[in-house]
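Residue-level listing of the chains:
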Amino acid sequence: MSAGHLDVHASDAQRWVADLPSPRVQAHAANLMVLPDQTLACVWFGGSMEGRSDISVFMSRLAPGSAQWSAPVQLSDDPERSEQNPILFPLPDGTLWLLHTAQQAGNQDTALVRRRISHDNGLSWGPAETLAAAPAGTFVRQPIQVQGDGSWLLPTFRCRPIPGQAWDGSLDDSAVLRSTDQGQTWSWIEVPDSLGCVHMNIVPASGGGPRLLAFFRSRWADHVYRATSEDGGLSWTAPQPTSLPNNNSSIQALRLADGRLAMIFNASSALDATARRESLYDELDEHQSPAAAPVAAAPLAKRAFWGAPRAPLTLALSEDDGLSWPWQRHLEEGDGHCLSNNSELRLNREYSYPSLRQTADGALHLAYTVFRQHIRHARVMPDWVKQTT
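What comes next concerns the included structure. (Residues numbered from 1 in each chain as written. Predicted model: local features only at pLDDT ≥ 70, side-chain atom pairs only at ≥ 80, totals over all residues. Heavy atoms only, no water.)

This part takes up the overall build of the protein. When you go through the protein residue by residue, the secondary structure sums to 0 helices and 26 strands. Relative to the globule expectation of 21 Å for 389 residues, the C-alpha radius of gyration of the protein, 19 Å, shows essentially globular dimensions. Look at the contacts in the protein between residues 6 or more apart in sequence, and 55% of them connect residues 24 or more apart. Of the accessible surface of the protein, which amounts to about 14,600 Å², a share of 52% is contributed by carbon and sulfur atoms. (Helix = DSSP H or I, 4+ residues; strand = E, 2+ residues; numbered from the N terminus. Rg over C-alpha atoms; globule rule 2.2 N^0.38 Å. Contact = heavy atoms within 4.5 Å. Areas by Shrake-Rupley, 256 points an atom, 1.4 Å probe, with all protein chains shown as cover.)

Spatial strand order, β7-β8-β9-β10: 4 strands in an open sheet with antiparallel pairing. Every interior strand has two partners, whereas the edge strands, β7 (82–90) and β10 (129–130), have only one. Note: β7 against strand β8 (residues 96–104), 7 bridges, orientation antiparallel. Bridged to Gln-84 within β8 is Thr-101. (Pairing = 2+ DSSP bridges.)

The subject of this paragraph is the pattern of salt bridges. Pairs can form between side chains of opposite charge once their charged atoms are near each other. Enumeration over the complete set of coordinates arrives at 23 salt bridges. Two residues, Asp-335 and Arg-349, come together in a salt bridge whose shortest N-O distance is 2.9 Å. Placement of Asp-335 in the loop between β23 (327–332) and β24 (351–358) and of Arg-349 in the loop between β23 and β24 is noted, with a sequence separation of 14 residues between them. By relative accessible area, Asp-335 is classed as partly exposed at 45%. (Salt bridge = Lys/Arg side-chain N within 4 Å of Asp/Glu carboxyl O. Buried < 20%, exposed > 50% of the residue type's maximum accessible area, 1.4 Å probe, protein only.)

This brings us to the sheet that holds strand β21 (residues 261–266). Judged by pairing direction, the sheet is antiparallel, and its 4 strands sit side by side in the order β20-β21-β22-β23 without closing on themselves. Whereas interior strands pair on both sides, the edge strands pair on one side only; in this sheet they are β20 (252–255) and β23. This sheet shows a mean twist of 20 degrees between the axes of neighbouring strands, independent of strand direction. In terms of strand pairing, strand β22 (residues 313–318) meets β23 through 5 bridges, oriented antiparallel. The residue bridging Ala-316 from the neighbouring strand is Gln-328, located in β23. (Axes fitted to C-alpha atoms, helices over the stretch in contact; angles between N-to-C directions.)

Next up on the list: the packing of aromatic side chains. Aromatic rings considered in pairs are described by the distance between their centres and by the relative angle of their planes. In this structure the tally under the stated criterion is 10 aromatic pairs. With a centroid separation of 5.9 Å and an interplanar angle of 80 degrees, the aromatic rings of Phe-89 and Trp-97 are classed as edge-to-face. The exposure class assigned to Phe-89 is buried, which follows from its relative accessible area of 4%. By relative accessible area, which is 4% here, Trp-97 ends up buried. Between Trp-97 and Trp-152, the aromatic rings sit 5.4 Å apart at their centres with planes inclined by 80 degrees, giving edge-to-face as the arrangement. Within this pair, whereas Trp-97 is found in strand β8, its partner Trp-152 is found in strand β13 (residues 152–158), the two being separated by 55 residues in sequence. The same class applies to Trp-97 and to Trp-152, which are both buried. Each member of the aromatic cluster is reached from another via a ring pair, and the members are Phe-89, Trp-97, Trp-152 and Trp-186. Stacked on the ring of Trp-97, the Lys or Arg Arg-115 has its end atom at 4.5 Å from the ring centre. The lysine or arginine in question, Lys-386, covers the ring of Trp-327, its NZ or CZ lying 4.2 Å from the ring centre. (Phe/Tyr/Trp six-rings, centres within 6.5 Å; stacked < 30°, edge-to-face > 60°. Lys NZ or Arg CZ within 6 Å of the ring centre and 35° of its normal.)

Here it is as structure tokens:
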């Protein structure tokens, strides 16, 4: 389906759902952004399978008042690299950035962060360039945050392989790129003791001021993690587990207009897994590090866990800065099978990699992967989460 429709279930009458047109057999890793003219834009990556060089970034638009997403436009095309995890960033001066990663095969340790700039709300784009401040192996997923002092914070995570082995996520950790000159230069800020904590999602803490919160995906597939900053992102506490489970898949949190926090995530973890994958890219024949050598690696205390179910997909609300999440409701349910990324054979059944934005009318807009075949857009009001079925 390419146009929106009201959900037919009486218990879900306030949930509007639309599937975006998918020009490739695989679609994954959506990110939403509300543009200055209130257009809702969605970017994601598509191709035959994550990690292959035909994976590119696409963008579709939903005009204000429309129920029809535009035909997707391809925004990247590197024949040598898999281009993933796109982000849109509307700058205070009215220009729009696209950021995304570009890696060789399944080797996330080779990833570069690339940028394109638009001066017409994403209708046309300048050339792609590599963000020099992000060393090879840097990955992005979450939006840039603009602070009250004018500084920009770009959360990143660093992908490093075990010596002599292909990347599997076991040595990933988080850092923040900070700019005080509108992205001309960046400084690098470590998140201490963040091994295994990735997809750092920064949101303002309640009460205003420089205090910030951050939420993380866990490579260990145990919990969503949380850290804080008291100085506007110049330093961070070590991430600590929250009460929410995590399955080593993406999350996104947002400070709502009414002050509450919303989070969309998979309410599952390794405890729900019936099997385990070796890595995210174990179906790719070319998944081996170009720099790999037969080096005996010291055993690790933990290895990244792949294969925990990527379902259900759950929306939650918090009134205490994410210390507790008493209101939760599933958007999608299923077995969440993700032991394969193969979309051509329809072997994947995940609901995952959600994105969350709020428009001026107070509505929450959610975009997420459906079976790695297309991106779904759902619209609900925040208190939909509190309704009982």
